[in-house]
Amino acid sequence: MSCHGLFGKLFEKHGRTKENTVPRDNEIFHCGEFHCSECPLASRCSMKSEGNPPNSTLMDKKLKRVLLMGNPNVGKSAIFSRLTGLHAISSNYPGTTVGFLEGSVVINGETYKLIDVPGAYTLDPTNEAEEVALRILNEGADIVIIILDATALERNLYLALQVLEKGYPSVIVLNMIDEARHKGIQIDLKALERELGVPVVSTVALTGEGIAALKAALPKARPSFLLPMTKDERWRFIGDIVMRVQMVTHRHHTFRDRLEDISVHPLSGMFLSLLVIIASFYAVRIIGEGLINYLLDPFFNSIWGPFLNVISNVLGGSGFIHDILIGHLIDGSINWEQSFGILSTGIYVEFAMVFPYIISFYLVLSLLEDIGYLPRLAVLFDALLHKIGLHGFAIVPTLLGLGCNVPGILATRVLESERERFIAATLISVAVPCAGLQAMIFGVIGSLGLVYIAIVYASLLGVWLILGYMLNKTLSGQSPELIVEIPPYRLPSLRNLGFKLWFRISGFLLEATPLVLLGILIANLLYSSSVLPFLSNILSPLVKLLGLPPQAMGAILLGFLRKDVAVGLLLPLGLTPRQLVVATVVLAMTFPCIATFVVLFKELGLKRLIQSVLIMISISLITGIALNYLLSYLAI
Ligand SMILES: Nc1nc2c(ncn2[C@@H]2O[C@H](COP(=O)(O)OP(=O)(O)OP(=O)(O)O)[C@@H](O)[C@H]2O)c(=O)[nH]1
Ligand SMILES: [Mg+2]
C-alpha cells in the first residue's frame, strides 16, 4: 500500500484533508517504510524514518534500549522473562511490577537491552507506577514493544496509540491469544498491522508460543504513521480499529465464568473469601509445621546438634569463642532457643523456626496471586477499606506485607494518592506482621495455646482498623473510588510458581540470614554486658506500665534489627503468658525492622517517615498498656 492510501485512511479518521496535512512545527510525522516521493510529508517522513526517536540520545550507544510497555497484567513480565531468560515476577493481578527490571537478549548478533516497565493505562499518569512508566519512556527508547491483552483489545489500544503517536519504532504484541481463542475472539493481525503501521505478532507468554516470531519482528520495528490525537479522537479511532480487526463469536458460560461471578457477589463472595482465608491460614500452618516436625527438627536433633557437640568439646565447653559460636550451655547441653550461639540459636531460629513458614506462606500467597484471587478480595473488601481511607486494592500490598513488609510497602505505589500511600504504608509497618515475626509468634506463643495467638492477631487487627480510621479522619483528602481490573481466573503455571517461590525464598535467605546471625550475636553480647540493664533502668517506668520485666525492653529494642530474633529473645526471660503476649504485640508494632525503615524512607520521604515512626511508637505503647490492663482484668 502506498503512503497515500494509508494517510488517506488516517486523514478520514481524524477529519483532516490532504491539504491540511503539512505538519505543524510541533507535530511529528512518522510513516516508517510507507513514505514515497509524491507524499507531501516525504521530507519529514524520511527524516523520521532514519529512526531518531524524540528525546533519544541513545542511538549512539552500543546496546539498543527496548522498552516493554502495556497495561497492567497483560504479561509484560512473562514476556520479559521469556526473552531474557531472567525471571521477573509475574502474578495474576495488576500492579505486580512497580519498579523496572533490565535484562538483555541477543538477536542476529545484536544485543538489545530490555526494560520491563511498570504497567500503565495511560501516559497521563494517575499513580506512581504510571509516573515511573512515563519517565522511562521519556528517557528515550530505540524500540518499544507494546504488549496488549488480546482479550481486551479496545482498552489496551489507548496506551498503545499514545506510545505510537510519540513516534518510537515499535512492535505490537498481542499476548494472551490463547485466552482470546477460548473466549471466541479472533483478531486479524495483518489488518491491525495496517491500521497501526507497525509489525504485529501474537504470543502466549505462558507457553512461549510466538516468542520466536517476536524476536524476528524486533529488528523490523518501525515508527507508526499515526498523528498525535486528542482523547476523543483516540477513542473514536480505537472504535474503528476494533470494528475492522476483531471478530467475536458467541460461546456458552463455563464453570470458570460462574466461579468468577460467585467470587465477587457480596454474599457468596464474602462466604468464599472467609473459606479461602481460613484454608490459607491452615495450609500455611500445616505445611510449616510439617516441614519443622518431619524435616528440620530431625535434622537439627540428629545431625546438626551432634556436630555442634563435637565443636563444643573441641573448644573446651566454654570461653569467648565457644560462647559466640555455640553459646551458653544450659544444664550442660545446647539449647536451641536459649543458648544464643551463632551456630546454635542463630541457625536454628533462621532455618528451623522462620524459614519453614516463609516457604509455606509464599507458596500459598503465590498460588492465590497466580489464580487471580487477590483483585477479587479487593472488590469485596473495598467498602471496609474505604472506612480506613484506603482503596480496596490496598488489600494486595497488605497481604504481601504478611510475607515481608518491604515488598508490601513497595506495592503501595499502585495506590493513587500520596495520602493513601502514607496510610497504607504506615498500617503495614505498624499492624501487619511479616512471616518471620508470625513464625516466631506461632513458635513462641503457640505452645501456650491457640487463644494467646488469637489475642495477638486480634490486637493487631484492631489496631489496623482503629488506626486506619483515625488516620482517615485526620488526614485531609479522600480515597478514590475503586477502579480495579479483575483478571480472569487462571490455572497457575508450575514454572512461574516455582520461579517466584525460589526468587522470594532465596531473597529472604540472602537478606535475612546475615541480620538474624548479627541479631543473635548482638543479643549474646548485650546479655553478657551491662548495656541492657542500663537501658532497662532508664526505661523502667514504661516497662512497669506494660507489666514487663526490665530485660524485655532489650528484646523490644533489638526488634529494630529483626523482629523474629527479638521475639526469640523473649524466650529465656521466663515471662508469664500475659507478659509474652503484651511484649510480642508491642514488639510487632513499635519500630519497623531496619529494611522496612529504609524502604519507608525511600517511599515516603523523611517528614512522612518521622510522622509514621512517631505514630508507631505511641500507638504501640498505648496498645501495650491497654492490653496489659485488659488481660489482668480478665485474669489472663
Ligand atoms: N493464559 C495466559 N496467561 C498469561 C499469558 N501471559 C501472562 N499470563 C499470566 O498473566 C498474569 C500477568 O502476567 P505478568 O507477567 O505479571 O503481567 P504484567 O504485565 O507484568 O503485570 P504488571 O506487572 O502487574 O503490570 C500472570 O498470571 C501470568 O502467568 C498468556 O499468554 N496466556
Ligand atoms: Mg510485571
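Note that the coordinates shown come from a computational prediction; the quantities given were computed from them, not determined experimentally. (Residues numbered from 1 in each chain as written. Chains lettered and ligands numbered in written order. Predicted model: local features only at pLDDT ≥ 70, side-chain atom pairs only at ≥ 80, totals over all residues. Heavy atoms only, no water.)

1. Description of the overall build of the chain
Looking only at helices and strands, the chain has 28 helices and eight strands in total. Here the chain, with 636 residues, has 56% of them falling under the buried criterion. Excluding contacts between residues fewer than 6 apart, the proportion of contacts in the chain whose partners are at least 24 apart in sequence is 74%. In the structure as shown, the chain presents an accessible area of about 27200 Å², 64% of it carried by carbon and sulfur atoms. (Helix = DSSP H or I, 4+ residues; strand = E, 2+ residues; numbered from the N terminus. Buried < 20%, exposed > 50% of the residue type's maximum accessible area, 1.4 Å probe, protein only. Contact = heavy atoms within 4.5 Å. Areas by Shrake-Rupley, 256 points an atom, 1.4 Å probe, with all protein chains shown as cover.)

2. Focus on the pairing of strand S2 (residues 101-107)
Direction of pairing for S2 relative to strand S3 (residues 110-116): antiparallel, over a ladder of seven bridges. Among the inter-strand pairings, Ile107 is bridged to a residue of S3, identified as Glu110. (Pairing = 2+ DSSP bridges.)

3. Digging into the site of ligand 1
Neighbouring ligand 1 are 24 residues, the closest being Lys76, Ser90, Gly95, Thr96 and Thr97. Within the side chain of Asn175, an N or O atom sits 3.0 Å from a nitrogen atom of ligand 1. A distance of 2.9 Å separates an oxygen atom of ligand 1 from a polar atom in the backbone of Ala205. Coverage of ligand 1 by the protein chains reaches 97% of its 650 Å² of free accessible surface. Counting residues per element, the ones that place at least two in the shell around ligand 1 are helix H3 (76-84) and helix H6 (177-182). A per-element tally of the shell around ligand 1 places H3 first, with three residues. Broken down by class, the residue content of the shell around ligand 1 amounts to nine nonpolar, eleven polar and four charged. (Near = heavy atom within 4 Å. Polar contact = N/O pair within 3.5 Å; in protein donor to acceptor, adjacent residues only side chain to side chain. Nonpolar A, V, L, I, M, F, W, Y, C, P; charged D, E, K, R; others polar.)

4. Some thoughts on the packing of helix H11 (residues 266-314) against helix H13 (residues 342-371)
Relative to each other, H11 and H13 sit at 150°, their axes nearing to 8 Å. With respect to H13, the axis of H11 lies roughly antiparallel. In this structure, the crossing between H11 and H13 has a hand that is right-handed. Its residues assigned to classes, the contact of H11 with H13 shows 22 nonpolar, four polar and three charged. (Axes fitted to C-alpha atoms, helices over the stretch in contact; angles between N-to-C directions. Parallel < 35°, antiparallel > 145°, perpendicular 65-115°, else oblique. Left-handed = near helix turned anticlockwise from the far one by under 90°.)

5. As for the side chain of Glu260
Within the secondary structure, Glu260 is located in helix H10 (residues 255-264). Exposure remark for Glu260: the relative accessible area of 16% places this residue in the buried category. Leaving out residues up to four positions away in the same chain, Glu260 has contacts with Arg376, Pro488 and Tyr489.

6. Observations concerning the pattern of salt bridges
Considering all chains together, one arrives at 17 salt bridges under this definition. In this structure, Glu209 and Arg181 form a salt bridge, with 2.7 Å as the shortest nitrogen-oxygen distance. Placement of the pair is Glu209 in the loop between strand S7 (200-202) and helix H8 (211-217) and Arg181 in helix H6, with a sequence separation of 28 residues. The residue Lys500 makes a salt bridge to Asp370 at a minimum N-O spacing of 2.5 Å. Taken together, the residues Lys500 in helix H21 (residues 494-528) and Asp370 in helix H13 connect sequence positions 130 residues apart. Exposure remark for Asp370: the relative accessible area of 6% places this residue in the buried category. One network of salt bridges, with partners in common, ties together Glu128, Arg413, Arg421 and Glu603. (Salt bridge = Lys/Arg side-chain N within 4 Å of Asp/Glu carboxyl O.)

7. Details of the nonpolar core
If you look at the biggest cluster of nonpolar residues, it comprises 123 residues, and the most contacted ones within it are Leu390, Ile395, Val430, Ile445, Leu467, Leu570 and Val581. When residues of this core are assigned to their parent elements, the largest contribution, 14 residues, is made by H13. Split by domain, the residues of this core number at least three in each of domain 2 (64-248) and domain 3 (266-633). Beyond its immediate stretch of four places on either side in the chain, Leu570 contacts Ala552, Ala555, Leu575, Leu580, Ala583 and Thr584. Listed in part, the 45 residues of the second largest apolar core include Ala141, Leu161, Val163 and Leu226. (Core = buried A, V, L, I, M, F, W, Y, C linked by side-chain atoms within 4.5 Å. Domains from an automatic or database assignment.)

8. A look at the environment of Leu363
Mapped onto the elements of the fold, Leu363 is located in helix H13. For Leu363, a relative accessible area of 24% gives the class partly exposed. Each C-alpha atom of the pair Leu363 and Val284 lies 8.3 Å from the other, and the pair is 79 residues apart in sequence. The residues touching Leu363, leaving out its near neighbours within four places in the chain, are Ile287 and Leu501.

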